[in-house]
Amino acid sequence: MAYLFNDFTGWKKYCEEHNLKLYEPVLEYEIDQKGRTADQIWKGLSDAFTVMKEAIKTGLEEDMSSRSGMVNNGAKKVAQNKISVLSPEFQQLISRALAAKEVNSCMGRVVAAPTAGASGILPGTLFTLQEVHQLDERVILEGLLIGAGIALIIEQKASLAGAVGGCQAETGSAAAMASGAIVYALGGDIDQIFNAVAITIQCMLGLVCDPVAGLVEVPCIVRNASAAAISYSSAQIALSNVSAVIPVDECVEAMGEVGQSMETRYKETAMGGLAATKTGQTIAKSILIQDIEMLPDEDEN
Ligand code: SF4
């Protein structure tokens with residue numbers, strides 16, 4: 001019977017008792033739950049990583065503008081900007097996270113990891129990590145499995161859906177998955193990996209879901225970029241053995257508690273936060289008028 005990802009303490013204990021690497025119980029779980037072979041799981045992971053990289057390419061090379069006008073080739077503008085605020089690698093990280101997410105907002109093909117709203121974070125972070133550190137794809141795929149284990153626990157103890165737990169559940173969970181994968185891929189031990197997850201959750205805690213006009217565009221796209229940056233800052237802190245102080249399982253509990261107590265208007269209803277601003281409301285109204293104008297004329301039928 002595979003480990004069921006009840007909490008981080010149990011995951012670590014299971015690994016120690018069975019002398020397993022951190023990704024191996026997730027592989028067992030996938031084999032068990034999906035009734036597939038290990039080879040099939042690895043192939044599925046490799047295919048998913050390919051789709052992630054394709055989404056980045058699409059977002060950086062093709063026209064990414066949405067009907068609402070809120071998405072307008074932002075990733076390309078960042079990638080082509082002559083000003084690097086920190087380093088060329090940081091600029092690439094940000095442009096890639098934006099690129100994959102813009103593809104989602106423009107109805108293209110992405111991997112929902114863990115959701116479509118957060119689909120730029122793992123592609124941006126892991127592709128950049130692989131490139132900067134010249135890592136084998138196998139290490140990235142193992143990192144993806146660890147990310148899946150992290151998401152399984154968050155799903156049980158809190159939520160992965162903006163409509164249930166706010167944006168902390170979507171972009172926050174994706175950032176936690178990414179920071180755990182980064183620390184693993186750079187040789188961190190289990191405590192460092194889980195510490196990175198705890199730090200990331202602390203940084204993303206309380207983030208509300210407030211998409212303007214109910215479209216997964218603003219602020220979703222820029223939040224994918226900031227979540228990617230937070231996953232790297234968390235990994236850097238955790239790999240330096242700076243403690244999150246609050247253990248990871250307690251951070252996840254806090255995330256669940258915050259999500260539960262969040263008012264409904266901050267849970268994908270487009271009634272609060274940025275969606276409720278004057279500009280947000282004007283955009284929502286103009287999109288509604290566009291939609292009405294596009295409806296077929298009854299006299300023509
Ligand atoms: S704001 Fe809401 S819809 Fe947008 S990414 Fe966050 S959770 Fe998803």
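Right, let's walk through the structure included here. (Residues numbered from 1 in each chain as written. Predicted model: local features only at pLDDT ≥ 70, side-chain atom pairs only at ≥ 80, totals over all residues. Heavy atoms only, no water.)

### Section: the overall build of the chain
The condition that has to hold: Helix and strand assignments come from DSSP, with helices taken as H or I runs of at least 4 residues and strands as E runs of at least 2, each series counted from the N terminus. Taken over C-alpha atoms, the radius of gyration is set against a globule rule of 2.2 Å times the number of residues to the power 0.38. For every residue, the accessible area obtained with a 1.4 Å probe (protein chains only) is divided by the maximum for its type, and the residue is called buried under 20%, exposed over 50%, and partly exposed between those limits.
Each helix and strand in the chain was counted, giving 13 helices and zero strands. When the helices and strands of the chain are listed from N to C terminus, the series reads α-α-α-α-α-α-α-α-α-α-α-α-α. In summary, the chain has a C-alpha radius of gyration of 20 Å against a globular reference of 19 Å for 301 residues, a match within 12%. With the C-alpha coordinates of the chain rotated into their principal frame, the extents come out at 70 × 40 × 40 Å. By residue count, 50% of the 301 residues in the chain fall in the buried class.

### Considerations on the pattern of salt bridges
What counts is decided by this rule: Here a salt bridge means any side-chain nitrogen of Lys or Arg lying within 4 Å of a carboxyl oxygen belonging to Asp or Glu.
Taken as a whole, this structure holds 12 salt bridges when the rule is applied. Glu 61 serves as the salt-bridge partner of Lys 57, at 3.2 Å between the closest nitrogen and oxygen. Note that Lys 57 and Glu 61 are positioned in helix α3 (residues 38–61) at a spacing of four residues, about one turn of the helix. The exposed category is assigned to Glu 61, whose relative accessible area is 55%. Measuring nitrogen to oxygen at the nearest pair gives 2.7 Å for the salt bridge that ties Arg 138 to Glu 142. With a gap of four residues between them, Arg 138 and Glu 142 both fall in helix α7 (residues 137–157), about one helical turn apart. Through salt bridges with shared partners, one network takes in Lys 12, Glu 16 and Asp 191.

### With respect to the site of the ligand
Keep this limit in mind: Proximity criterion: a residue is near a molecule or strand once any of its heavy atoms comes within 4 Å of it. Throughout, the ten residues Ala, Val, Leu, Ile, Met, Phe, Trp, Tyr, Cys and Pro are labelled nonpolar, Asp, Glu, Lys and Arg are labelled charged, and all others, Gly among them, are labelled polar.
In the neighbourhood of the ligand, the contacting residues comprise Gly 117, Gly 162, Cys 167, Glu 170, Cys 209, Asp 210, Val 216, Cys 220 and Arg 223. Those elements that provide at least two residues to the shell around the ligand are α9 (167–185) and α11 (220–239). When the residues that make up the shell around the ligand are grouped by side-chain class, the tally is four nonpolar, two polar and three charged.

### Some thoughts on the environment of Glu 89
Operational definition: The contact definition used throughout considers only heavy atoms, calling two residues in contact when any of these lie within 4.5 Å.
Here Glu 89 is to be found in helix α5 (residues 88–105). Beyond its immediate sequence surroundings of up to four residues, Glu 89 is in contact with Thr 128 and Val 132.

### Topic: the packing of aromatic side chains
Condition: Classification of ring pairs rests on two measures: the distance between centres of Phe, Tyr or Trp rings, Trp counted by its six-membered ring, which must be within 6.5 Å, and the angle between planes, read as stacked under 30 degrees, edge-to-face over 60 and tilted in between. We call a charge positioned above a ring when the Lys NZ or Arg CZ atom is no farther than 6 Å from the ring centre and deviates by at most 35 degrees from the ring normal.
Inspection of every chain in the model, using the stated rule, returns nine aromatic pairs. Considering the side-chain rings of Phe 8 and Phe 194, the 4.9 Å spacing of their centres and the 75° angle between planes classify their relative orientation as edge-to-face. Of this pair, Phe 8 sits in helix α1 (residues 8–18) while Phe 194 sits in helix α10 (residues 190–204); the two residues are 186 residues apart in sequence, bridging distant segments of the chain. Neither residue differs from the other here; Phe 8 and Phe 194 are each classed as buried. One aromatic cluster is present, formed by Tyr 3, Phe 5, Phe 8, Trp 11, Tyr 14, Tyr 29 and Phe 194 through successive ring pairs. Positioned above the aromatic ring of Trp 42 is the side chain of Arg 138, whose terminal nitrogen or guanidinium carbon lies 3.9 Å from the ring centre.

### Some details on helix α2 (residues 24–34)
Taken as a whole, α2 has its buried residues at Pro 25, Val 26, Leu 27, Tyr 29 and Glu 30. Contacts made by the buried residues of α2 are with α1, α3 and α7.

### Section: the side chain of Glu 142
Look at Glu 142 and you get buried, because its relative accessible area is 10%. Not counting chain neighbours up to four residues away, the residues in contact with Glu 142 comprise Tyr 23, Trp 42 and Tyr 184.

### Some remarks on the nonpolar core
What counts is decided by this rule: By nonpolar core is meant a set of buried Ala, Val, Leu, Ile, Met, Phe, Trp, Tyr and Cys residues that side-chain atoms within 4.5 Å join together.
Within the largest apolar cluster, 65 residues are counted, with the highest numbers of intra-cluster contacts made by Phe 8, Trp 11 and Ile 150. Dropping the residues within four chain positions of it, Trp 11 is found in contact with Tyr 3, Phe 5, Leu 22, Pro 25, Val 26, Ile 146, Gly 149, Ile 150, Ile 153 and Phe 194.

### Observations regarding the environment of Leu 135
For Leu 135, the location among the structural elements is in the loop between α6 (121–133) and α7. Taking the C-alpha atoms as reference points, Leu 135 and Leu 215, separated by 80 residues in sequence, lie 36 Å from one another. With residues up to four places along the chain from it excluded, the contact list for Leu 135 reads Leu 129, Gln 130, Ile 140 and Ala 185.

### Thoughts on the packing of α10 against α11
Condition: Axis geometry follows a simple rule: fit a line to the C-alpha atoms, using only the stretch in contact for helices, then measure angles between N-to-C directions, giving values from 0 to 180 degrees. In these notes the angle categories are as follows: under 35 degrees is roughly parallel, over 145 is roughly antiparallel, 65 to 115 is roughly perpendicular, and the rest is oblique. A clockwise turn of the near helix away from the far one marks a right-handed crossing, whereas an anticlockwise turn of less than a right angle marks a left-handed crossing.
Axis separation between α10 and α11 bottoms out at 8 Å; the angle between their running directions is 135°. With respect to their mutual orientation, α10 and α11 come out oblique. The interaxial crossing formed by α10 with α11 has right-handed handedness. Side by side, α10 and α11 meet where Gln 192, Asn 195, Ala 196, Ile 199, Thr 200, Cys 203 and Met 204 of the first sit next to Ala 227, Ile 230, Ser 234, Ala 235, Ile 237, Ala 238 and Leu 239 of the second.

Note that all results are geometric; they support no functional claim without further evidence.
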